[in-house]
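Now for the letters of each chain:
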Amino acid sequence: MMYLTCPQCHSNHVTKNGLNRLKKQLYKCQDCGRQFMLHPAKGPVSQKTAN
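Residues numbered from 1 in each chain as written. Predicted model: local features only at pLDDT ≥ 70, side-chain atom pairs only at ≥ 80, totals over all residues. Heavy atoms only, no water.

**Overview of the nonpolar core**
Ranked by size, the top nonpolar core spans six residues in total: Leu4, Cys6, Val14, Tyr27, Cys29 and Phe36. Look past the residues within four positions of Phe36 in its chain and what remains in contact with it is Thr5, Cys6, Pro7, Val14, Gln25, Leu26, Tyr27 and Cys29. (Core = buried A, V, L, I, M, F, W, Y, C linked by side-chain atoms within 4.5 Å. Buried < 20%, exposed > 50% of the residue type's maximum accessible area, 1.4 Å probe, protein only. Contact = heavy atoms within 4.5 Å.)

**Some remarks on the layout of surface pockets**
Of the volumes computed, that of the largest pocket is approximately 590 Å³. The wall of the largest pocket is formed by 20 residues, among which Leu26, Phe36, Met37, Pro40 and Gly43 lie closest to the centre. Among the residues making up the lining of the largest pocket, the classes are represented as 11 nonpolar, five polar and four charged. (1 Å grid on protein atoms, 1.4 Å probe; cavity = no way out; pocket = protein on both sides within 12 Å on 5 of 7 lines; lining within 4 Å. Points joined across faces, edges and corners; volume = space filled by probe spheres on them. Nonpolar A, V, L, I, M, F, W, Y, C, P; charged D, E, K, R; others polar.)

Here is the structure:
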């Protein structure tokens, strides 16, 4: 079994959160609210860029 962890806060409280435009699964951390993919093609987006 694979356990997902949030890349920002390293929490295990992660749920599925729909699909992106390329039909890749999105996940959302229930603790910090961060949305992420498991294997992004371009790498992580910084908090400064995201806001």
